[in-house]
Amino acid sequence: MRSFDDSEGGHWQAALMEASFGNVLMIFSRIGADGVLLKPLDAANFSEAEQLLAAADESRLCALLAEARPWN
């Protein structure tokens, strides 16, 4: 799990979740707010997704957040 701030000063946490058929989702939750966003990742497996999350800087996390959609 990673914490980061968006360009508007919002505090977020990003975490990974294994989905069906080997897919991996990045889950975003805003600290102090309701709702969750998700972004499917182009990762070969969960280990690769963990490496992506660990290596991502704040600008990369913000870019992934911008592509995320609400969890229904």
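Report follows, based on the coordinates. Please read all numbers here as calculations on a predicted model, not as lab measurements.

Notes on the packing of aromatic side chains
Argument step 1. All told, the structure shown has 1 aromatic pair when counted by the stated rule.
Argument step 2. Relative to Phe28, the ring of Phe4 lies with its centre 6.1 Å away and its plane at 80°, an arrangement referred to as edge-to-face. On the criterion of sequence distance, the pair formed by Phe4 in strand β1 (residues 2-5) and Phe28 in strand β3 (residues 24-30) is long-range, its members being 24 residues apart. Take Phe4 and Phe28: they sit in the same class, and that class is buried.

Let's talk about the pairing of β1
Argument step 1. Taken together, the 4 bridges between β1 and strand β2 (residues 11-18) define a ladder with antiparallel strand orientation. Each bridged residue has a counterpart across the sheet, and for Asp5 the counterpart in β2 is His11.

Quick word on a nonpolar patch on the surface
Argument step 1. On the surface, a nonpolar cluster with roughly 240 Å² of combined accessible area is contributed by Met17, Val36 and Trp71.
Argument step 2. With respect to the secondary-structure elements, Val36 resides in strand β4 (residues 36-40).
Argument step 3. The partly exposed category is assigned to Val36, whose relative accessible area is 32%.

Some points on unusual backbone geometry
Argument step 1. Positive phi outside glycine occurs at Phe21, with the angle close to 60°.
Argument step 2. Mapped onto the elements, Phe21 comes out in the loop between β2 and β3.

Considering the pattern of salt bridges
Argument step 1. What the rule picks out here adds up to 1 salt bridge.
Argument step 2. Across the pair Glu67 and Lys39 runs a salt bridge, and its minimum N-O distance is 3.2 Å. Of this pair, Glu67 sits in helix α2 (residues 58-67) while Lys39 sits in strand β4, and the two are 28 residues apart along the sequence.
Argument step 3. Judged by relative accessible area, which is 16%, Lys39 ranks as buried.

Focus on the sheet that holds β1
Argument step 1. If you walk across this open sheet you meet the 5 strands as β1-β2-β3-β4-β5, and the pairing is antiparallel. One side of each edge strand has no neighbouring strand; the edge strands of this open sheet are β1 and β5 (69-70).
Argument step 2. When β4 meets β5, the two strands line up antiparallel, connected through 2 bridges. When the sheet's bridge partners are listed, Leu37 is paired in β5 with Pro70.
Argument step 3. Those strands touched by α2 are β1, β2, β3, β4 and β5, and its axis lies near 85° from that of β1.

Parameters and conventions
Residues numbered from 1 in each chain as written. Predicted model: local features only at pLDDT ≥ 70, side-chain atom pairs only at ≥ 80, totals over all residues. Heavy atoms only, no water. Phe/Tyr/Trp six-rings, centres within 6.5 Å; stacked < 30°, edge-to-face > 60°. Helix = DSSP H or I, 4+ residues; strand = E, 2+ residues; numbered from the N terminus. Buried < 20%, exposed > 50% of the residue type's maximum accessible area, 1.4 Å probe, protein only. Pairing = 2+ DSSP bridges. Patch = residues over 30% accessible without salt bridge, like charges linked within 9 Å, V, L, I, M, F, W, Y side chains within 5 Å. Areas by Shrake-Rupley, 256 points an atom, 1.4 Å probe, with all protein chains shown as cover. Salt bridge = Lys/Arg side-chain N within 4 Å of Asp/Glu carboxyl O. Contact = heavy atoms within 4.5 Å. Axes fitted to C-alpha atoms, helices over the stretch in contact; angles between N-to-C directions.

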